[in-house]
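Observations on chain architecture
Residue strings, one per chain:
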Amino acid sequence: MISDELIQVMQTAQTVVVLTGAGVSAESGVPTFRDALTGLWENFDPAQLATPEAFQANPKLVWDWYASRREMLADVTPNAGHYALAELEQRYPYFYLITQNVDSLHQVAGNKSVIELHGNLQRVCCFNKLHVAENWDDSDGVPNCQQCGAMLRPDVVWFGEMLPEDAIDTAFAVSKSADVFISIGTSAEVQPAASLPVHALRGGATFIEINPHPTMLTNRADFVLPYPSGEVLPELVAALNLRR
Ligand code: OAD
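Throughout what follows, the structure given in this document is the object of discussion. Numbers given for residues are sequential positions, taken from 1 along each chain in its written order. At least 70 in pLDDT is required for a residue's local features to be given in this predicted model, at least 80 for side-chain atom pairs to be given and counted, and no such filter applies to totals for whole chains, interfaces and linings, which use all residues. Excluding hydrogens and water, the side-chain values take into account all heavy atoms of the structure.

**Looking at the sheet that holds strand β5 (residues 132-133)**
Strand pairing within a sheet occurs via backbone hydrogen bonds; the two strands may be parallel or antiparallel. One open sheet holds the three strands; their spatial order is β5-β4-β6, and the pairing between them is antiparallel. Two strands bound the open sheet, and with one partner strand each, they are β5 and β6 (152-156). In the sheet, strand β4 (residues 119-126) pairs with β6 via four bridges, with the strands oriented antiparallel. By the bridge assignment, Cys 126 is partnered in β6 with Leu 152. Whether two residues are in contact is decided by their heavy atoms, any of which lying within 4.5 Å being enough. Under this scheme, a helix contributes an axis fitted over its contacting stretch, all axes are lines through C-alpha atoms, and angles between N-to-C directions fall in the 0 to 180 degree range. Helix and strand assignments come from DSSP, with helices taken as H or I runs of at least 4 residues and strands as E runs of at least 2, each series counted from the N terminus. Docked against the sheet, helix α6 (residues 59-73) engages β4 and β6, running at close to 135° with respect to β4. Strand pairing follows a simple DSSP-based rule, namely that at least 2 bridges must link the two strands.

Printed below as a string of C-alpha cells:
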C-alpha cells in the first residue's frame, strides 16, 4: 500500500500540509456531500439549505436541518484516519491540517493545528456573523442573538459566502511552504480549497492524494493512494514508525 519511495519523501519532509474533505469522516458514519446515493447533496438541495438566500427565505427549514446534523454529530467519533493524522502532527516541526469539514473530529482526535475553511457546525453565531452564541433556545423557532437581535445561524460557510479571511490566507501561505501536501477525502470540486494542492505544487511540494475514487487533481498527484483514509493513514504512520 505504501511504497518505500513515499516513505522516503515523508521522512525527509519538514513541513507537511494536509487538506481534508468529507471523505476522512465517512468511516465515522458522517455522510459526504457528493458520493452517489449517500451524499448529502444527493438527498438535499444545497440551494435550498446551504445559502444565505435559502436561510432568509426559510430560516426554520435551514436552522432545523443544521440542528439535525449537529445532533447527529453527538453520536459520532473520530475514526482511525483521524487519529493517524493526530499522530502524524507530532512527527513534524511544521504540520498544518486544513479542513473543509465542520464536524470537529480532527480536534476531537487530537490535532492542534487545524485550519477550518468552512466554519464549524458546533458553533452558532448571529446572521451578520458578529456575535458567537454560547447557548440558545430554539423550542419555538429560530432563536435570535442576545446581543444584536439578529437571527442565529450555524457558523458554517454557505455557498456564495466568503471563507473566513484568516483561515484561507493562512491555508494558502502554508500550502506554498509545504514540502509534502496530502489531499485526503475531498472531491476537489469546491473552490478555493481545491486550488490549495495546485498552490502547493507551484511551491515545489510533493503532492499525495488519498481517495478511493479519482478526482480532477489525481493526474497532478506524485503519489495516489486509492484507499479509504481510515485504512491507509494508520498504515502510513505505522510504516514511518518502523523507520524512526
Ligand atoms: P465530497 O462529498 O464532495 O467528496 C468526498 C470525497 O471523499 C469523494 O471524492 C469520495 O471519493 C471521498 N471518499 C469517500 N469515502 C472516503 C474514505 N473512506 N476515505 C477517503 N476518501 C473518501 O466532499 P468534500 O470534497 O469535502 O462545503 O466537499 C467540499 C465541500 O463541498 C464541503 O466542505 C461542503 C460541500 O458543499 C460547504 O458546505 C461550504
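**Focus: helix α1 (residues 4-12)**
The buried label applies to any residue whose accessible area, calculated with a 1.4 Å probe on protein chains only, is under 20% of its type's maximum; exposed applies above 50%, and partly exposed to all values in between. Considered for burial, the residues of α1 that qualify are Leu 6, Ile 7, Val 9 and Met 10. Projection of α1 onto a plane perpendicular to its axis shows the buried side chains occupying an angular sector of 160°, all on one side. Across from the buried face of α1, at angles greater than 90 degrees, the exposed residues are Asp 4, Glu 5 and Thr 12. Its buried side turned inward, α1 meets α7 (80-91), β7 (180-184), β8 (206-210), β9 (223-225) and α11 (229-242). Relevant arc is that of directions from the helix axis to the C-beta atoms, nothing else.

**Thoughts on the site of the ligand**
Near the ligand lie 23 residues; those nearest to it are Phe 33, Arg 34, Thr 186, Ser 187 and Asn 211. Take Glu 27: an N or O atom from its side chain is 2.8 Å from a nitrogen atom of the ligand. At 2.7 Å from an oxygen atom of the ligand is found a side-chain nitrogen or oxygen belonging to Ser 187. The protein chains hide 93% of the 800 Å² of surface that the ligand would expose on its own. A class-by-class count of the residues in the shell around the ligand yields nine nonpolar, eleven polar and three charged. Consider each residue's heavy atoms; a residue with any of them within 4 Å of a molecule or strand counts as near. Any pair of nitrogen or oxygen atoms within 3.5 Å is treated as a polar contact; in protein, a donor-acceptor pairing is required on top of that, and neighbouring residues in sequence qualify only through side-chain atoms on both sides. In these tables, accessible area is a Shrake-Rupley quantity obtained with a 1.4 Å probe, and a residue counts as shielded only by the protein chains included in the view. In this classification, the charged set is Asp, Glu, Lys and Arg, the nonpolar set is Ala, Val, Leu, Ile, Met, Phe, Trp, Tyr, Cys and Pro, and all remaining amino acids, among them Gly, are polar.

**Here's the deal with the environment of Ile 2**
Its place among the elements puts Ile 2 in the segment before α1. Apart from residues no more than four positions distant in its own chain, Ile 2 is found in contact with Ile 7, Leu 225, Val 232, Glu 235 and Leu 236.

**Here's the deal with the side chain of Asn 211**
Following the sequence through the fold, Asn 211 ends up in the loop between β8 and β9. Among the polar contacts listed, one links the side chain of Asn 211 to the backbone oxygen of Thr 186, at a separation of 3.3 Å. Reaching out from Asn 211, the side chain makes a polar contact with the backbone nitrogen of His 213 at a distance of 2.9 Å.

**Section: the packing of aromatic side chains**
For this analysis, a ring pair means two rings from Phe, Tyr or Trp (six-membered ring only for Trp) whose centres lie within 6.5 Å, classed as stacked if their planes differ by under 30 degrees, edge-to-face if by over 60, and tilted for the remaining angles. Summed over the entire model, instances satisfying the criterion amount to ten aromatic pairs. Plain terms: the ring middles of Phe 44 and Trp 65 are 5.2 Å apart, the flat faces sit at 55° to each other, and that makes the pair tilted. Highlighted residues: Phe 44 in the loop between α3 (40-43) and α4 (46-49) and Trp 65 in helix α6, separated in sequence by 21 residues. These aromatic residues form a ring-pair network of at least three members: Phe 33, Trp 41, Phe 44, Phe 55, Trp 65, Tyr 66, Phe 127, Trp 158 and Phe 159. Each ring is checked for a lysine NZ or an arginine CZ that lies within 6 Å of its centre and within 35 degrees of its normal; such an atom marks a charge sitting over the ring. Above the ring of Trp 63, the side-chain terminus of Arg 70 is found at 5.4 Å from the ring centroid. Above the face of the Trp 158 ring, Arg 153 is positioned so that its terminal group lies 3.8 Å from the ring centre.

**Examining a negative patch on the surface**
A contiguous patch of negative charge on the surface is contributed by Glu 71, Asp 137, Asp 138 and Asp 140. Relative to the helices and strands, Asp 138 resides in the loop between β5 and β6. In this analysis, a patch consists of residues with relative accessible area above 30% that form no salt bridge, clustered at 9 Å for like charges and at 5 Å for the nonpolar side chains Val, Leu, Ile, Met, Phe, Trp and Tyr. A carboxyl oxygen of Asp or Glu within 4 Å of a side-chain nitrogen of Lys or Arg is what we treat as a salt bridge. Charge convention: Lys and Arg are scored as positive, Asp and Glu as negative, and His as well as the terminal groups of each chain are ignored. The atoms used to mark charge sites are NZ of Lys, CZ of Arg, CG of Asp and CD of Glu.

**Looking at the sheet that holds β9**
The strand order β3-β2-β1-β7-β8-β9 describes an open sheet built from six strands, whose pairing is parallel. Only two strands of the sheet have a single partner each, and these edge strands are β3 (114-116) and β9. Taken pair by pair, the neighbouring strands of this sheet meet at an average axis angle of 15°, ignoring direction. Two elements, strand β1 (residues 15-20) and strand β2 (residues 94-99), share six bridges in a ladder whose sense is parallel.

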